[in-house]
Amino acid sequence: MSADRWTRWPSREALTWAGLSRARLWFIRVLRVVVLASLLWGAFHENRGLHLVAGLALVVVVSCAGWAFFRVSYAHRLWPSLALTALLMGCAFAAQAGDWRVLATVLWCAVAVAALERLPLAAAAPCALAALTGYAAFSSDGWLITALVAVGLGLAGYTLRLDAEARGSAHRLLAQERAARAAEAESAALAERTRIAREIHDVLAHSLSAQLVHLEAARLLIEKDATKEQILDRVVAARSMAREGLAETRQALSALRGEMTPVEEFLRELVTADRAEVTVTGERRALPAEASQAVRRVAQEALTNVRKHAPGAKVEVCLAYGRHEVRLDVRDEGGHSPGELAASGGGYGLLGMRERAELLGGSLEAGPGEEGFVVTLRVPG
């Protein structure tokens, strides 16, 4: 047994009723009533006059000292606890001298058990030994019965100590688990808010970038004295992109709630206005919300870049389900001159998509291919 175990106090959780079942609580209350009744019976039984008054006074002193002992031991105050233990044993001697044998016996036994249960073992062992020695010295039973009772009381006190320590440990673990759950819930809420903010940012960035393309086109047309119809087409297209941006924002929020359409359907709807083909390979399955949103956003950004830098080029979109990941390839055939809006974007969309992919444990590659430009996304899913 380590030195720390001899000097360590039982935890405060172990010294309270925390974690006790209703049945055990009622048992403790009944036991206290029985002990108090025994003390009062010992004071009243066959006593008269001043002897009765002295017995009642002794019961009051014992009750106050016992209450104080429970308070100071809970506060882990050693010397006051030892002083009160000595006072209770002195009361037991006084009861024995005054012929209150029931009161004395109850005090010897209670002091031994309470010391073993509530004090550090280095202090509890001598106190319990002194109390049990006092009980054995004044016991009228045979030596064998007295020895068995003393040993039984010692074992009972130590057993109660172990039970209290186990209960205190369980109570602390439960408190730690609750704190961990609360921290986990708070962390999950922060992560969810971060994810929603990232989704809204990506959707708006894509939408505003597309609007900028059309508005820049309108500006260039105005500078070239284009017809009213040409300029109006660009303005209407910008307005259409604004509406689509709002719709995509709502769609992103719905997706985060789990109310999303399959990725394959989304990709086919996305390329409706482009010369694009969508190919899906592998065993189709539902993707996690973040992986699904990453695929959608990367596809949108890649198609926007094709419209800006290779307008009219044929585009191939391939979605491949692997065993542990999903891969998206968006490639154009190249060979087309950059559009008049090629200089309108800053190229930060794919950079944001790359950061999103890396946060998910995936990757994004974008660069020239054999025949044009290729964007490849890999994310776990």
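Residues numbered from 1 in each chain as written. Predicted model: local features only at pLDDT ≥ 70, side-chain atom pairs only at ≥ 80, totals over all residues. Heavy atoms only, no water.

Our next topic: helix α6 (residues 121–138). With 18 residues, α6 should reach 26 Å at 1.5 Å per residue; the first-to-last C-alpha distance of 25 Å fits that figure. Turning to α6, its buried residues number three or more, namely Leu121, Ala123, Ala124, Cys127, Ala128, Ala131, Leu132, Gly134 and Tyr135. Within α6, the buried residues cover an arc of 155° as seen down the axis, which keeps them to one side. Of the residues in α6, the exposed ones pointing more than 90 degrees away from the buried face are Leu129 and Ala137. (Helix = DSSP H or I, 4+ residues; strand = E, 2+ residues; numbered from the N terminus. Expected span 1.5 Å × (residues − 1). Buried < 20%, exposed > 50% of the residue type's maximum accessible area, 1.4 Å probe, protein only. Arc of directions from axis to C-beta.)

On to the environment of Val280, then. Along the polypeptide, Val280 turns up in strand β1 (residues 276–281). Beyond its immediate sequence surroundings of up to four residues, Val280 is in contact with Glu264, Arg268, Leu319 and Tyr321. (Contact = heavy atoms within 4.5 Å.)

Let us look at the nonpolar core. Leu103, Leu107, Trp108 and Leu119 are the most contacted members of the largest nonpolar core, which totals 34 residues. Put simply, the parts of the chain that give this core at least two residues each are α3 (49–74), α4 (78–97), α5 (101–118), α6 and α7 (143–223). The biggest single contributor to this core is α5, with 11 residues. Grouped together as the second largest cluster of nonpolar side chains are 31 residues, Val271, Leu319, Tyr321 and Leu364 included. (Core = buried A, V, L, I, M, F, W, Y, C linked by side-chain atoms within 4.5 Å.)

A few words on the packing of aromatic side chains. According to the stated counting rule, one finds four aromatic pairs in the structure shown. A centroid spacing of 6.1 Å and a plane angle of 85° characterise the contact between Phe69 and Phe70, whose relative ring orientation is edge-to-face. Of the residues examined, Phe69 reaches a relative accessible area of 3% and is grouped as buried. Centroid distance Trp108 to Phe138: 6.5 Å. Interplanar angle 10°. Geometry classified as stacked. Pair noted here: Trp108 is in helix α5 and Phe138 is in helix α6, with a separation of 30 residues, a long-range link. You can call Trp108 buried: its relative accessible area is 1%. Put simply, the rings of Phe93, Trp108 and Phe138 touch in pairs and so form one group of aromatic residues. Here the basic side chain of Arg296 rests over the ring of Phe266, its NZ or CZ set 5.1 Å away from the ring centre. (Phe/Tyr/Trp six-rings, centres within 6.5 Å; stacked < 30°, edge-to-face > 60°. Lys NZ or Arg CZ within 6 Å of the ring centre and 35° of its normal.)

Between its first and last C-alpha, α5 extends 25 Å over 18 residues, near the 26 Å set by a 1.5 Å rise per residue. Of all the positions in α5, only Leu103, Ala104, Leu107, Trp108, Cys109, Val111, Ala112, Val113, Ala114, Ala115, Leu116 and Arg118 are classed as buried.

Another point: the confidence of the model for the chain. Predicted confidence across the chain gives a mean pLDDT of 78, with 81% of residues reaching 70 or more. Counted against residues more than four places away or in other chains, residues 339–348, with its pLDDT under 50, gives 20 contacts. (pLDDT = per-residue confidence, 0-100.)

Bringing the pairing of strand β3 (residues 325–332) into the picture now. Relative to β3, strand β2 (residues 315–321) runs antiparallel, the two being bridged by seven bridges. Bridge assignment links Tyr321 to a residue of β3, and that residue is Val326. Hairpin remark: β2 followed by β3, antiparallel, with three residues in the connecting loop. Bridge count between β3 and strand β5 (residues 372–380): seven bridges; the pairing is antiparallel. (Pairing = 2+ DSSP bridges.)

Quick look at a nonpolar patch on the surface now. On the surface, a cluster of nonpolar side chains totalling about 310 Å² of accessible area is made up of Trp26, Val30 and Val34. Examined against the element boundaries, Val34 turns out to sit in helix α2 (residues 22–44). (Patch = residues over 30% accessible without salt bridge, like charges linked within 9 Å, V, L, I, M, F, W, Y side chains within 5 Å. Areas by Shrake-Rupley, 256 points an atom, 1.4 Å probe, with all protein chains shown as cover. Salt bridge = Lys/Arg side-chain N within 4 Å of Asp/Glu carboxyl O.)

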